[in-house]
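Now for the letters of each chain:
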Amino acid sequence: MSTSIFDIGAPGRGAAAQRPAPGDVSDLPPEALRRKPPRLPEVSELQTVRHYTNLSRRNFSIDNQFYPLGSCTMKYNPRGAHRIASLPGFAGRHPLAELAASQGFLACLHELQEVLKAATGMAAVSAAPMAGAQGEFAGIAMIRAYHDARGDTERREIIVPDAAHGTNPASAVMCGYVAREVPVGADGDVDFEALKAAVGEQTAGIMLTNPSTCGVFERRIADIADVVHDAGGLLYYDGANLNAVLGTARPGDMGFDVLHVNLHKTFATPHGGGGPGAGPVGANERLAPYLPTPMAAKEGDTYRWVEPADAPDSIGRLSAFAGNAGILLRALAYARMLGRDGMRRVGEFATLNANYLMERLRQQGFELAYPERRASHEFVITFRQEAKEFGISAMDIAKRLLDHGIHAPTTYFPLLVPECFLIEPTETETKEELDAFVTALTQVLGEVRTDPERVKTAPHNLPSARLDDVKAARDLRLVHEPD
Amino acid sequence: MPFIPHTDQDVATMLDAIGAPAIDDLFDEIPASLRCGPLDVPPGESEMEVTAALTQRARRDEPGPCFLGAGAYDHHIPAAVWDICSRGEYMTAYTPYQAEASQGTLQLIHEFQTMMAALTGMEVANASVYDGASALAESVLMAVRANRRSRRRGVAGAGRETATIRVVVAGAVHPHYVETARNIVQGQGIRLEATGFDASGTVDLARFETLLAEPPAAVIVQQPNCLGLLEPVNEVVAAAHAAGALVIAVANPISLALLAPPGDWHESGADIVCGDGQPLGIPLFSGGPYFGYICTRREFVRQLPGRIVGLTEDTGGQPGYALTLQAREQHIRRGKATSNICTNQGLLVTAATVYMSLLGAAGLNAIASRCHATTRKLVEALTSIDGVQQRFTGPFFHECVLDVGRDAEGVAEQTAAAGITGGLPLGRWYPELANCLLVCATEKRSEADIAAYREVLCRILIHAERPAIGSASEGSR
Amino acid sequence: MSETPEELHYASSHEWARLEEDGTVTVGITDHAQDALGDIVYVELPDEEQQVEAGAEAGVVESVKAASDIYAPVTGVVIAANEVLEDAPERVNEDPYGDGWFFRIQPDDPGELEDLLDAAAYDEMCSEEE
């Protein structure tokens, strides 16, 4: 590690240029005031800049490395979109500013809502949710509101495939439902017979990702929709993998009633080391009245917020203001640069890159989890053989790949494939980059056979060797302690 | 093809390797009936065209001096903050699951956790949730889990038939926060009950006592409250703890450099502190992205939602950082996770960490005291106008409620038309305060800004009726 | 190979139960379970005097990559919890049938133990799972 910011300061030091002259607080009651200053860094401006610049160099990032992290869609984040979102009129606008001083922003928000409607085949969109998981929460809360409004209050279960993102069952439970898992079959599709057996009058709805978390298109989606709808349940589309089918197939046409879109995936807003994202929700006519607020509305040439009176059945607000507005602006700028043809090509080339990479790896002897299937925009390979033969885990291989200057794919997800990688190259990578990945991974696989110790003890070329996460959890050191 | 690098030759070679005649064949597992035609969106534009079009829109919203706070504050942001945040290494990295390839982000978050714990007077902090309002919702869920009495009654994850769990909202807590929290927690059988505020604009202690008679799982109090006033937090904590309820404090982080930290309230201190990190170096951004923070005592760390970074060692015995306590989170614990949160607000945490490092305790204290003093000047200037007065007389931090003697909506509209963001018409939150504006002056507001606002307000309130009076004599009392 | 002592009773959810001479039942997780979980980093135990139901959740055990609920094998009242595990959860890995025990129950009906699996049946179940 680098020396902590807390260990490079000196008492009384600070970035004086950032300090206004203190104000008089003698009118405040003394008992309301802080007695001892908080222990914060005491460093100069240069020290701060240098410290955090140096820290940044200990990160992998899309700007520096190939980052084929499955399910995360780590594609190029256009700089132009970032600059647009940072324009003074947007960055300086107060969220509660008067309507007259908000027309530019509201026009953008409304336009994004329209773009997302078109891309997903939904009747209405609210861009309020601040991440995919909050979009899921909103969607399930809408399903619950819909059933409750009909006096249909005995439905207790939300069905999720056992391969689903962990957020799916967690969101269902947050809404007061029980998450009921159904198995995914050996071909990567949901086990249809098991699903039919699980659906009933207790079913409030089902959450599906399509293409699924196994990197394949759920072929019987239309049948699944019929079964769930016939039982009175509704379908939720987890939009984590929308990138694969953007411009080719729309969730609205597949029978989904409500969905979210991860703008930080499909619409190329940067991940920021963990966030922010945005998770707009879309709904068909049936569920549109329940969409969360705020939303933008257009009347003639002017824009306004959707008022509570316009949306009496809304599940209400999920944030202090209007969601992650800056992310919405980035997504709009990106969507406008893509346009109609560009959007279709996103899905096409993401799929081309994934299938090419899958085929190359198959030829190199890697074991595919679903060898009979087309890849969507991502695919799963498994190292169960290597684990058995050489005692090497997928995590070991992931760490060794870091030594080659490539960020590891997602490991151990989906949970039902042992020792797996979920690999998502995205459409913005060149064929050369994919070929280099194949070379590197093949080299690691060779090393597994010739020098397994080297792989087990990787990484060797990074700022840290393998970190002990058992120690981190047993001996919790969550804040910097002074010497 | 804006961001797709493939040449025709690449495509041909790749299809050949796959053994597919055309890209379209790669979609042959999608039933034909589910394929869509061209999307109903306009053709693509160049970066230059999009920039020009959206710049035109942004210009329409470019604000003049901002005297509006209400949960989002217009502070000065040192240039270094976003210069550092815009580095691709921070901006285009994913969540630091691969610790060895993410030591930068991990160490930064660990430093952030340390800073937030210090500011709030707590022992641990998480790596952020979405915003202040969702932080309150998560804090409520957390308090209910942590409060064993409530837990024995059976709460989270138990399905729809659980007994109602009560949480009391003491005093004037930001209505958007309360509404958000209510919307998020109600599915789990948790009910928020509000004391409202009394004539002083702070918690109605008599009503508070009544609501504690049947002990709630937790009590929420905001300091300074959403009307800018200081709540009697020591009394609130004493009463809540006496009743066996946990205390959730909502706090503006800038204020914590000046005001007593929640960990010091009464003798026992608040149990959970949450709020919005926007004042720490994040632009107003039309409402987001900001970030929500949650800090707590160490004993409740396993109930804390979101990511947490711990210091550990690598195999060579060298110190390093890793995400820890991940078994609380949805990717492992699924339906039994502490929260469904996955993506958080990492980049904004980066901004706040750089901001707090630059400012330090002395700098933050200077900003907090400056905001207070500037807001006092603003209040003095505006209340010198005939008919404008302070609605509540208790001490305030950097926001104040002014009664302008007429519908404040119209007044705010007119100040906006004059190029000034004049404050929040409080009728939107509390019908009984329809004649009131909530105003705020940060360290950025100059004497000239205040004078300009005064002049505009004078014109709106007085000039309209007596157009002949010159500005020099306006409103003298 | 993991160890499965003959004299114990086993739940299909991987807890073991031992009838003590004083009529109480000691509960822990099996060697097979600790091995599958990997390094245990945290154990959440029931409170003393807490009523537990056979087959209902009574605790949680966590490793860095998994978390599992612990189910009470018999109905009764918890009379002791192994506080050593709060600071030394690794005892579960080191000695699952000894120092790594979780809690002790005063059972309503010790006969419920007979509803559990014996060592051979448990071993068979584990080998089928693999």
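Keep in mind that this is a model prediction, so the values were computed, not measured.

Quick look at the interface of chain C and chain A now. It is common to report an interface's size as the accessible area lost on association of the parts. Contacts between chain C and chain A engage 7 residues on the former and 4 residues on the latter. Regarding the contact of chain C and chain A, the summed buried area is about 440 Å², with carbon and sulfur atoms giving 64% of it. Looking only at chain C, the three residues that lose the most surface to chain A are D39, V41 and V64 of chain C, adding up to 78% of its buried area. Here chain C and chain A share 1 salt bridge between them. Between R474 of chain A and E90 of chain C there is a salt bridge, and its shortest N-O distance comes to 3.8 Å. Between the two partners, chain C and chain A, sit 2 residue pairs in polar contact (both at pLDDT 80 or more). Tallied by class, the residues present in the side of chain C that touches chain A amount to 4 nonpolar, 1 polar and 2 charged.

A few words on the sheet that holds strand β12 (residues 424-425) of chain B. Residues and elements named next belong to chain B. The antiparallel open sheet is built from 4 strands, whose spatial order is β10-β11-β13-β12. One side of each edge strand has no neighbouring strand; the edge strands of this open sheet are β10 (389-390) and β12. Here strand β11 (residues 399-403) pairs with strand β13 (residues 436-440) via 5 bridges, running antiparallel. Note on β13: the bridge partner recorded for E399 is C440. Strand contacts of helix α12 (residues 346-383): β10, β11 and β13, with the helix running at about 10° to β11, the strand carrying the most contacts. Relative to β13, helix α13 (residues 408-417) is tilted by about 45°, and along the sheet it contacts β12 and β13.

Let us look at the interface of chain B and chain A. Residue-level contacts link 181 residues of chain B with 193 residues of chain A. Between chain B and chain A lies a buried interface of about 16,200 Å² when both sides are counted; carbon and sulfur atoms form 62% of it. For the pair chain B and chain A, the interface holds 9 salt bridges. Between R373 of chain A and E29 of chain B there is a salt bridge, with its nearest N and O atoms 2.7 Å apart. Remark: the boundary between chain B and chain A carries 86 residue pairs in polar contact (both at pLDDT 80 or more). Along the lines of polarity and charge, the residues of the side of chain B that touches chain A split into 92 nonpolar, 55 polar and 34 charged.

A few words now on the confidence of the model for chain C. Low pLDDT marks regions whose predicted coordinates should not be analysed in detail. Here chain C averages 93 in pLDDT, and 98% of its residues register 70 or above. Interface confidence for the predicted complex, given as ipTM, is 0.97, next to a pTM of 0.96.

All names here are of chain A. For helix α6 (residues 167-174), a buried count of 8 out of 8 residues is recorded, marking the element as mostly surrounded by other parts of the structure. Within α6, burial applies to T167, N168, P169, A170, S171, A172, V173 and M174. Phi turns positive, to about 90°, at G176, one or two residues after α6.

Look at helix α1 (residues 45-56) of chain A: 17 Å from first C-alpha to last across 12 residues, which is about the 16 Å you get at 1.5 Å a residue. Three or more residues of α1 of chain A are buried, namely T48, H51, Y52, L55 and S56 of chain A. Projected down its long axis, α1 of chain A carries its buried residues within an arc of 135°, all on one side. Opposite the buried face of α1 of chain A, by more than 90 degrees, sit the exposed residues L46 and R50 of chain A. Against the buried residues of α1 of chain A lie α3 (79-85), α4 (88-91), α5 (103-120) and α12 of chain B.

Criteria and cut-off values
- Residues numbered from 1 in each chain as written.
- Chains lettered and ligands numbered in written order.
- Predicted model: local features only at pLDDT ≥ 70, side-chain atom pairs only at ≥ 80, totals over all residues.
- Heavy atoms only, no water.
- Contact = heavy atoms within 4.5 Å.
- Buried area = accessible area lost by both parts, 1.4 Å probe.
- Salt bridge = Lys/Arg side-chain N within 4 Å of Asp/Glu carboxyl O.
- Polar contact = N/O pair within 3.5 Å; in protein donor to acceptor, adjacent residues only side chain to side chain.
- Nonpolar A, V, L, I, M, F, W, Y, C, P; charged D, E, K, R; others polar.
- Pairing = 2+ DSSP bridges.
- Helix = DSSP H or I, 4+ residues; strand = E, 2+ residues; numbered from the N terminus.
- Axes fitted to C-alpha atoms, helices over the stretch in contact; angles between N-to-C directions.
- pLDDT = per-residue confidence, 0-100.
- Buried < 20%, exposed > 50% of the residue type's maximum accessible area, 1.4 Å probe, protein only.
- Expected span 1.5 Å × (residues − 1).
- Arc of directions from axis to C-beta.

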